[in-house]
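Here is how the chains run, residue by residue.
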Amino acid sequence: MSFEYPEDFKYLDSHEYVRLDGEIATIGITEFAVHELGDIVFLELPDIGEAITKGDKIGTIESVKAVEELNSPVTGTVIERNDALIDDPEQVSDDPYGEGWFLKVRVDDPGEVDDDLTAAQYRALVEGE
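Keep in mind it's a predicted model, so treat the numbers as computed, not measured.

Caption draft 1: Looking closely at the side chain of E112. Counting through the fold element by element, E112 comes out in the loop between β9 (103–107) and α4 (119–127). Despite its burial, E112 pairs with no opposite charge, the nearest such side chain being K54 at 5.2 Å.

Caption draft 2: Region of interest: the sheet that holds β9. Strand order in the open sheet made by the six strands is β1-β2-β3-β9-β8-β5, with antiparallel pairing throughout. The two strands at the open ends of the sheet, each matched to only one other strand, are β1 (10–11) and β5 (51–52). Pairing geometry for strand β2 (residues 16–21) and strand β3 (residues 24–29), over six bridges, is antiparallel. Opposite D21, over in β3, you have I24 as the bridge partner.

Caption draft 3: Up close: the sheet that holds strand β7 (residues 67–71). Strand order in the open sheet formed by three strands is β4-β6-β7, and the pairing between neighbours is antiparallel. The open sheet has two free edges, formed respectively by β4 (40–44) and β7, since each of these has just one partner strand. Looking at each pair of strands side by side, their axes are set apart by 20° on average, direction ignored. One ladder, built from four bridges, connects β4 with strand β6 (residues 57–63); its direction is antiparallel. From the neighbouring strand, E44 faces β6, where its bridge partner is T60.

Caption draft 4: How the structure looks around the environment of V74. Within the secondary structure, V74 is located in the loop between β7 and β8 (76–81). Using a relative accessible area of 1% as the deciding quantity, one classes V74 as buried. Note: C-alpha distance between V74 and A120 (46 residues apart in sequence) is 20 Å. Excluding anything up to four places from it in sequence, V74 contacts V18, A25, I27, I52, T53, K54, V105, V107, E112 and V113.

Caption draft 5: How the structure looks around the nonpolar core. I29 and F102 are the most contacted members of the largest nonpolar core, which totals 23 residues. When residues no more than four places from it in sequence are discounted, the contact partners of I29 are H15, E16, Y17, V34, L37, I61, L70, V92, P96, Y97 and F102. Among the nonpolar cores identified, the runner-up in size contains eleven residues, and F3, F9, Y17 and A119 belong to it.

Caption draft 6: How the structure looks around a negative patch on the surface. A cluster of like negative charges, contributed by E4, D39, E90, D94, D95 and E99, occupies part of the molecular surface. Its place among the elements puts E90 in the loop between α2 (83–87) and α3 (91–94). Of the residues examined, E90 reaches a relative accessible area of 43% and is grouped as partly exposed.

Caption draft 7: Main features of the pairing of β2. Bridge count for β1 against β2 is two bridges, and the pairing is antiparallel. Residue Y11 lies in a different strand from β2, and its bridge partner there is Y17. With antiparallel pairing between neighbouring strands as the criterion, β1 and β2 make up a hairpin whose turn holds four residues, including H15 at a positive phi of roughly 80°. Hairpin connection of β2 to β3: two residues between the antiparallel strands, including G22 at a positive phi of 70°.

Conventions used here
- Residues numbered from 1 in each chain as written.
- Predicted model: local features only at pLDDT ≥ 70, side-chain atom pairs only at ≥ 80, totals over all residues.
- Heavy atoms only, no water.
- Helix = DSSP H or I, 4+ residues; strand = E, 2+ residues; numbered from the N terminus.
- Buried < 20%, exposed > 50% of the residue type's maximum accessible area, 1.4 Å probe, protein only.
- Lys, Arg positive; Asp, Glu negative; His and termini not counted.
- Salt bridge = Lys/Arg side-chain N within 4 Å of Asp/Glu carboxyl O.
- Pairing = 2+ DSSP bridges.
- Axes fitted to C-alpha atoms, helices over the stretch in contact; angles between N-to-C directions.
- Contact = heavy atoms within 4.5 Å.
- Core = buried A, V, L, I, M, F, W, Y, C linked by side-chain atoms within 4.5 Å.
- Patch = residues over 30% accessible without salt bridge, like charges linked within 9 Å, V, L, I, M, F, W, Y side chains within 5 Å.
- Areas by Shrake-Rupley, 256 points an atom, 1.4 Å probe, with all protein chains shown as cover.
- Charge placed at Lys NZ, Arg CZ, Asp CG, Glu CD.

By themselves these figures say nothing about function.
What follows is the structure in structure tokens.
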């Protein structure tokens with residue numbers, strides 16, 4: 001199976017992605033993670049206004065196979081949450097890089113994503129698994 005790895009995103013080895021647009025970061029999980037999880041049945045995300053810290057747990061995603069922690073790729077404040085996914089979590093599977101995003105965060109330091117994996121590094125990590 002061939003997965004998409006958008007070049008303008010950064011990735012964590014725990015399969016979260018971040019797309020930075022100025023000081024606003026969009027966070028979700030990768031197409032590879034969606035495939036590995038299978039049918040997604042539950043999603044827990046932080047509330048708007050909540051401060052999150054890079055590397056910390058920011059929620060959970062549950063499928064018929066597993067429950068996984070979600071980790072933050074950035075430090076900042078949640079400004080938007082995709083509540084449609086809370087009500088209908090399987091939507092994540094349909095479009096993880098588009099309508100399946102989880103959070104939008106106003107980041108404290110946009111430069112901190114420089115330490116995250118590039119698309120090529122993430123692809124090598126998951127395809128080598």
